[in-house]
Amino acid sequence: MSAPADNGVGTGVRAPRRARIAERTLRTDRWWLQPLLTVLGLSAFIIYATVRSFVRTAYWVPDYHYLTPFYSPCLSTSCVEGSSHFGHWFGDLPGFIPLGFVVLPFLLGFRLTCYYYRKAYYRAVWFSPPACAVAEPHAKYTGETRLPLIIQNVHRYFFYVALIVSLVNTYDAITAFHGKTGGFGFGLGNIILLANVVLLWAYTLSCHSCRHVTGGRLKHFSKHPVRYWIWTKVSKLNTRHMALAWTTLGTLVLTDFYVMLVASGAISDLRFVN
Ligand code: FES
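Criteria and cut-off values
Along each chain, residue indices are assigned from 1 in the same order as the chain's sequence is written. Residues qualify for local features only when their pLDDT is at least 70, as the model is predicted, and side-chain atom pairs are given and counted only at 80 or more; totals for whole chains, interfaces and linings, by contrast, use all residues. Side-chain metrics rest on all non-hydrogen atoms present in the structure, leaving aside hydrogens and water. Strands here are runs of E lasting at least two residues and helices are runs of H or I lasting at least four, both read from the DSSP assignment and numbered beginning at the N terminus. For every residue, the accessible area (1.4 Å probe, protein chains only) is compared with the maximum for its type, and the residue is labelled buried under 20%, exposed over 50%, or partly exposed between those bounds. Working rule for contacts: check all heavy atoms of both residues, and any pair within 4.5 Å makes them a contact. In these notes, a set of buried Ala, Val, Leu, Ile, Met, Phe, Trp, Tyr and Cys residues joined through side-chain atoms within 4.5 Å is what counts as a nonpolar core. UniProt positions are given in the numbering used here, feature names are shortened, and annotations may be inferred rather than shown by experiment. To estimate the expected span of a helix, count its residues, drop one, and scale the result by 1.5 Å.

A. View of the overall build of the protein chain. Looking only at helices and strands, one finds eight helices and four strands in the protein chain. Counting from the amino terminus, the protein chain carries its helices and strands in the arrangement α-β-β-α-α-α-β-α-α-α-α-β. With respect to the principal axes defined by its C-alpha atoms, the protein chain has extents near 75 × 50 × 40 Å. Out of the 274 residues in the protein chain, the part that is buried amounts to 41%. If you take every contact in the protein chain between residues at least 6 apart in sequence, the share linking residues at least 24 apart comes to 66%.

B. Spotlight on the nonpolar core. Membership of the largest hydrophobic core comes to 34 residues, with the highest contact counts inside it found for Tyr59, Phe70, Leu99, Phe110, Tyr117 and Tyr203. For this core, the secondary-structure elements that each account for two or more residues are helix 1 (33-55), helix 3 (115-124), helix 4 (155-175), helix 5 (188-205) and helix 8 (241-263). Counting residues per element, this core draws most heavily on helix 3, at five residues. Phe110 has contacts with His155, Phe158, Phe159, Ala162, Tyr203, Thr204 and Cys207, leaving out every residue within four places of it along the chain. Core analysis: the next-biggest nonpolar cluster, separate from the first, contains 11 residues, Tyr66, Ile192, Val197 and Val262 among them.

C. Region of interest: the UniProt feature "transmembrane region" (unreviewed entry) in the protein chain. Taken from the UniProt record, the annotation "transmembrane region" (unreviewed entry) applies to residues 31-51, 96-117, 157-177, 183-203 and 243-267. From the first C-alpha to the last, residues 31-51 spans 32 Å; its make-up is 90% helix and 0% strand.

D. Local environment of helix 5. With 18 residues, helix 5 extends 26 Å between its outermost C-alpha atoms, agreeing within 8% with the 26 Å of an ideal straight helix rising 1.5 Å per residue. Inspection of helix 5 places Gly189, Asn190, Ile192, Leu193, Asn196, Val197, Leu200, Ala202, Tyr203 and Thr204 among the buried residues, and these make up the whole buried set.

E. Spotlight on the environment of Val197. Position of Val197 relative to the elements: it lies in helix 5. Remark: the alpha-carbon pair of Val197 and Asp172, spanning 25 residues in sequence, is separated by 9.2 Å. Those residues in contact with Val197 that sit more than four places away from it in its chain are Ser166, Asn169, Thr170 and Ala173.

Written out as structure tokens, the structure is:
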């Protein structure tokens, strides 16, 4: 958690002992490009995911048991036949409630409170600050020590739910090895679903909270060799967290888009077995 700056009357670049520089920044490179790309990338994902979550069409391929992650788990009687892998926990849902409503708030919460995304949208959306050596427009900075940003601390709990969601997605990917006439089947959709779930696991396990869960609060690594070994692996994965954050946004969209195309009949799944 970032502590608020304690610089007297002004904070940040307006702090009493900071040099008085009139320009907002002395940088001459295209420092605005990365925040701009971040905004565009995140906005595109949010718009796509929101639209797809509400349309309630083309999310399940009955022949091959492909289910898009945006509708998993589908726990309502409004879900099309066969798509409710974990049964019906709820009756019919009105159209304004997404069929994946059980999991969507947690998925959204996990991403929104992710340390990497926080850095990205603090810079790109709140300009706090927009980039290194570029003054932020805000007069003061209170950090994550009070509402609303103190809520970011629930990230560790979202992490536990994300583990369950990854298990659900894994189950979906395994049950999708289904042939048109029953039994085992294998197609391009399986490769996409599987790649997506592997990358989702990599993203989830590379979480900073996972590092803390596996190796945090230990005074002597030598007394906990197993936890230390796991922690070193998670830490290696953690160095790729930003890349995994973006990659999994892409694979989620790709997976959903592919399932949508096959389910709607726009394309046929490329089948290798059955
Ligand atoms: Fe990014 Fe936990 S820090 S998912």
